Amino acid sequence: ESEESEESEESEESEEEEKKGKASNGKKAGDVEMTPAQIAKTRRTPGKLLIDQKKLPPSKGDPTRGFYESMFEEFPKSHIAVKYMIENGLLSATKHKEVHKLYAKYKVQGLFNTRERMLKAAAIIRAKNKKGVRKSSSG
């Protein structure tokens, strides 16, 4: 009788948990068991990444992806579009190789380093201000 009462208590507890949306193993009541092989198939594995690719490609419906793809189509030399397309692996292998040359050039120039770009811009502004001061004082 004690075994039966324990079983009935356990079944009542599991029914309560299922009502709350979780089974006793921590999964939701409607979840389907998956084998590790099935789980591996559902994950987006990178396989082989392209040169300088840092992330998996975003889904086709991603608005950021759409923005940069359209920018790249209109302005193929835009440094921010080139960076996004290369680092997210959105180009075919042959196109990736072509655009990667431009990416490497921009990287050497420091276009992807915000601090460097800000220092260059500040130096240009200072140089313009000095030229403006000289002209006004000599005139």
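Chemist: For this particular structure, what's the right way to read the overall build of the protein?
Modeler: Within the protein one finds six helices and zero strands. Going residue by residue from the N terminus, the α and β elements of the protein occur as α-α-α-α-α-α. A total of 139 residues make up the protein; the buried ones form 18% of that total. Once local pairs closer than 6 in sequence are excluded, the contacts in the protein between residues at least 24 apart make up 41%. Accessible area of the protein: about 11,300 Å², with a carbon and sulfur share of 54%.

Chemist: Is there a simple way to think about the packing of helix α4 (residues 79–87) against helix α5 (residues 93–109) in this case?
Modeler: The axes of two packed helices give the description: the angle between them and the distance between them. Where α4 contacts α5, the axes come no closer than 10 Å and their chain directions differ by 125°. Of the possible angle classes, the one that applies to α4 and α5 is oblique. Here the hand of the crossing between α4 and α5 comes out left-handed. Facing α4, whose interface residues are His79, Val82, Lys83, Ile86 and Glu87, α5 presents His96, Val99, His100, Leu102, Tyr103 and Tyr106. By residue class, the composition of the contact of α4 with α5 is six nonpolar, three polar and two charged.

What counts, and at which threshold
- Residues numbered from 1 in each chain as written.
- Predicted model: local features only at pLDDT ≥ 70, side-chain atom pairs only at ≥ 80, totals over all residues.
- Heavy atoms only, no water.
- Helix = DSSP H or I, 4+ residues; strand = E, 2+ residues; numbered from the N terminus.
- Buried < 20%, exposed > 50% of the residue type's maximum accessible area, 1.4 Å probe, protein only.
- Contact = heavy atoms within 4.5 Å.
- Areas by Shrake-Rupley, 256 points an atom, 1.4 Å probe, with all protein chains shown as cover.
- Axes fitted to C-alpha atoms, helices over the stretch in contact; angles between N-to-C directions.
- Parallel < 35°, antiparallel > 145°, perpendicular 65-115°, else oblique.
- Left-handed = near helix turned anticlockwise from the far one by under 90°.
- Nonpolar A, V, L, I, M, F, W, Y, C, P; charged D, E, K, R; others polar.

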